[in-house]
Amino acid sequence: MPRTLSEVVFVDGVRTPFGKAGDKGIYAQTRADDLVIKCIRELLRRQPNLPPERVEEVAIAATTQIGDQGLTLGRVAGLLAGLPKSTPGYSVDRMCAGAMTAVTNTASSIAFGSYEIGIAGGVEHMGRHPMGEGVDPNPRIVAEKLVDPSALVMGQTAENLHDRFPAITKERCDAFAVASQNKLEQAYADGKIQPDLITVATRHDERGWGLATEDEPPRKGVQLDDLADLKTPFRAHGKVTAGNAAGLNDGATACLLASERAAADLGLPVAMRLVTYSFVGVEPEVMGIGPVPATEKALDHAGLDISDIGLFELNEAFAVQVLAFLDHFGIAQDDPRVNPWGGAIATGHPLASSGVRLMTQLARQFAEQPQVRYGLTAMCIGIGMGGAVIWENPHHADYQPSISTSSISTSSISKEEASA
């Protein structure tokens, strides 16, 4: 019997405030899985029309799958969040694009018809589990010169990208970083970020009990001069600093995905429609260039041009990586379409969780800008990869749902009659 692929929609997304990794960070004594659980519970609370048993999969990413980020995290977090025991779950690892991959995997299963509703997200507690903890890279990867040794250190790959594109100066990167900080500060002042955030109860030896209600990493009022003399830890006299790169952070994200039919049937909001996605491999020693070919491939799949993209949410692992993307596509560094509410340099980048942050912010921006039809979420990925996902704005005048309300009601009646 022939199958008909289902359209996949992004219903809602949430995240914890992002914290600084380490003993002084807000989540120093908070479990990683508890951060995920809070996100899943909040998604269910926000959608009272969604029976928990209708959630048919939970995919949660973590780069370092050990300790409280291990044990098939999607399954365990789903159980602890109150989902039925009949709801399966699993873990995902694609380093920085973990949550992005959790979304695309879940969306693909929905599109194929394996199930209709799923939760996808990610977590990284870099204070408890530093990147690379417990990892044992095969010595052949360096001994046989499959990659340059610098490919295993993300900051060094960013310095390599500077070598490849000398027009991307440290001054440009610092200016981009300052703009990211200032845009996030303004977004908070305008109440743009707060709808994404859930409140997390925390405990700390020095601070006692508290509530995490906003991101911890941002630097308010930062000026260009503040970044000029920062150390370049990855190379003597280099260009990558703590000021123009994302920090080490803790945090979690989760989103609700559904088939278009299930969303209409249950009265769930449609924030975005997934158009297409792409993951590609690139030279590991310049992994930051990954979003460029990934975006080109996704645009080709969708039959679109870069000029069709009205909003960009690009993960700011390093300023040089975003600037390489913008320069390639001829987009100005200060283009208002790019990360309008700031990015990971300001908010933080808890590795595997960041993809859903990009998507959730894009969904909010779609609601505010109905004139924009298509948006892009893209990120570079460690060991030489890039990922890109193209979304369509349901608020745009040309958006056409593939099904009508009448067809949903007729289908529901038919199912009831068949079961009778």
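- Naming follows an unreviewed UniProt entry, where the protein appears as acetyl-CoA C-acyltransferase of Metallococcus carri.
- In its Sequence similarities (unreviewed entry) section, UniProt records this for the protein: "Belongs to the thiolase-like superfamily. Thiolase family."

## Focus on the overall build of the protein
So, point 1. Counting its secondary structure elements, the protein contains 13 helices and twelve strands.
So, point 2. Its C-alpha radius of gyration of 21 Å places the protein within 12% of the 22 Å reference for a compact globule of 420 residues.
So, point 3. Across its three principal axes, the protein shows a C-alpha extent of roughly 75 × 50 × 50 Å.
So, point 4. For the protein, buried positions account for 55% of its 420 residues.
So, point 5. Taking contacts inside the protein between residues at least 6 apart in sequence as the whole, the part at least 24 apart equals 79%.
So, point 6. Approximately 17,500 Å² of the protein is accessible, and the part contributed by carbon and sulfur atoms is 52%.
So, point 7. Where the 36 positive side-chain charges of the protein centre and where its 51 negative ones centre are 3 Å apart.

## Here's the deal with unusual backbone geometry
So, point 1. Located in the positive-phi region is Thr72, a residue other than glycine, with phi close to 45°.
So, point 2. Within the fold, Thr72 resides in the loop between β3 (58-61) and α2 (73-81).
So, point 3. One non-glycine residue, Ile383, adopts positive backbone phi at about 65°.
So, point 4. For Ile383, the location among the structural elements is in the loop between β11 (374-381) and β12 (385-392).

## Quick look at the packing of helix α1 (residues 32-46) against α2
Geometry of a packed helix pair, given as the angle between the helix axes and the separation of the axes.
So, point 1. At a minimum axis distance of 9 Å, the contact between α1 and α2 shows a crossing angle of 60°. When the interaxial angle is binned, α1 and α2 end up oblique. For the pair α1 and α2, the crossing hand works out as right-handed. Mapping the contact onto sequence places Asp33, Val36, Ile37, Ile40 and Arg41 in α1 and Leu73, Ala77, Gly78, Leu80 and Ala81 in α2.

## Here's the deal with the layout of surface pockets
So, point 1. By volume, the largest pocket amounts to about 610 Å³.
So, point 2. Surrounding the largest pocket, 28 residues form its lining, Ala245, Ala246, Gly247, Leu248 and Phe318 being those nearest its centre.
So, point 3. Among the residues making up the lining of the largest pocket, the classes are represented as 18 nonpolar, seven polar and three charged.
So, point 4. The space that makes up the second largest pocket amounts to roughly 380 Å³.

## Quick look at helix α6 (residues 170-189)
Along an α-helix, a turn takes 3.6 residues, which lines up residues three or four apart on a common side.
So, point 1. Relative to the 28 Å expected for 20 residues at 1.5 Å per residue, α6 spans 29 Å between its end C-alpha atoms, a close match to the ideal helical length.
So, point 2. When α6 is considered as a whole, its buried residues turn out to be Lys170, Cys173, Asp174, Phe176, Ala177, Val178, Ser180, Gln181, Leu184, Ala187 and Tyr188.
So, point 3. In the segment just after α6, Gly191 is the residue with positive phi, at about 75°.

## So, the pairing of strand β8 (residues 249-259)
When a strand is regular, its side chains alternate between the sheet's two faces.
So, point 1. Burial analysis of β8 places eleven of its eleven residues in the buried class, the great majority of the element.
So, point 2. Alternating positions in β8 separate into two faces, Asn249, Gly251, Thr253, Cys255, Leu257 and Ser259 on one and Asp250, Ala252, Ala254, Leu256 and Ala258 on the other, with burial throughout.
So, point 3. Where strand β1 (residues 8-15) and β8 come together, seven bridges link them in antiparallel fashion. What sits directly across from Val9, in β8, is Ala258.
So, point 4. Relative to β8, strand β2 (residues 19-20) is paired through two bridges, and the arrangement is antiparallel. Each residue of the ladder has a partner; that of Gly19, found in β8, is Asp250.
So, point 5. Strand direction decides the pairing type here: strand β5 (residues 117-125) and β8, joined by nine bridges, are antiparallel.

Reading guide: rules and limits
- Throughout this description, residue numbers start from 1 for each chain and increase along the sequence as written.
- Totals for whole chains, interfaces and linings use every residue, but because this is a predicted model, local features are given only for residues with pLDDT of at least 70 and side-chain atom pairs only at 80 or more, for both listing and counting.
- Hydrogens and water molecules were not included; the side-chain quantities draw on all heavy atoms of the structure.
- UniProt positions are given in the numbering used here, feature names are shortened, and annotations may be inferred rather than shown by experiment.
- The way it works is that DSSP assigns letters per residue, a run of H or I at least four long becomes a helix, a run of E at least two long becomes a strand, and they are numbered from the N terminus.
- Just to be clear, the radius of gyration here is over C-alpha atoms, and the globule rule we use is 2.2 Å times residues to the power 0.38.
- Accessible area is worked out with a 1.4 Å probe on protein chains only. A residue is then buried under 20% of its type maximum, exposed over 50%, and partly exposed in between.
- Whether two residues touch is decided by their heavy atoms; if any such pair falls within 4.5 Å, the residues are in contact.
- Computed with the Shrake-Rupley method and a 1.4 Å probe, the accessible areas treat only the protein chains shown as cover for residues.
- Charge counting treats Lys and Arg as positive and Asp and Glu as negative, with His and both chain ends excluded.
- A single reference atom marks each charge: NZ on Lys, CZ on Arg, CG on Asp, CD on Glu.
- Simply put, an axis is a line fit to the C-alpha atoms, just over the touching stretch for a helix, and the angle between two N-to-C directions goes from 0 to 180 degrees.
- Each angle is binned into one of four classes, with values under 35 degrees roughly parallel, values over 145 roughly antiparallel, values of 65 to 115 roughly perpendicular, and all other values oblique.
- Working rule for handedness: look at the near helix, and if it is turned counterclockwise from the far one by less than a right angle, call the crossing left-handed; if clockwise, right-handed.
- Cavity and pocket criteria rest on a 1 Å grid covering protein atoms alone: a 1.4 Å probe that fits but cannot get out defines a cavity, protein on both sides within 12 Å along at least 5 of 7 lines defines an open pocket, and an atom within 4 Å of a point defines a lining residue.
- Grid points are joined across faces, edges and corners, and a volume is the space filled by probe spheres set on the points.
- Any residue that is not Ala, Val, Leu, Ile, Met, Phe, Trp, Tyr, Cys, Pro, Asp, Glu, Lys or Arg is counted as polar, Gly included; the first ten are nonpolar and the last four charged.
- To estimate how far a helix should extend, the number of its residues minus one is multiplied by 1.5 Å.
- Any two strands between which DSSP finds at least two bridges are classified as paired.

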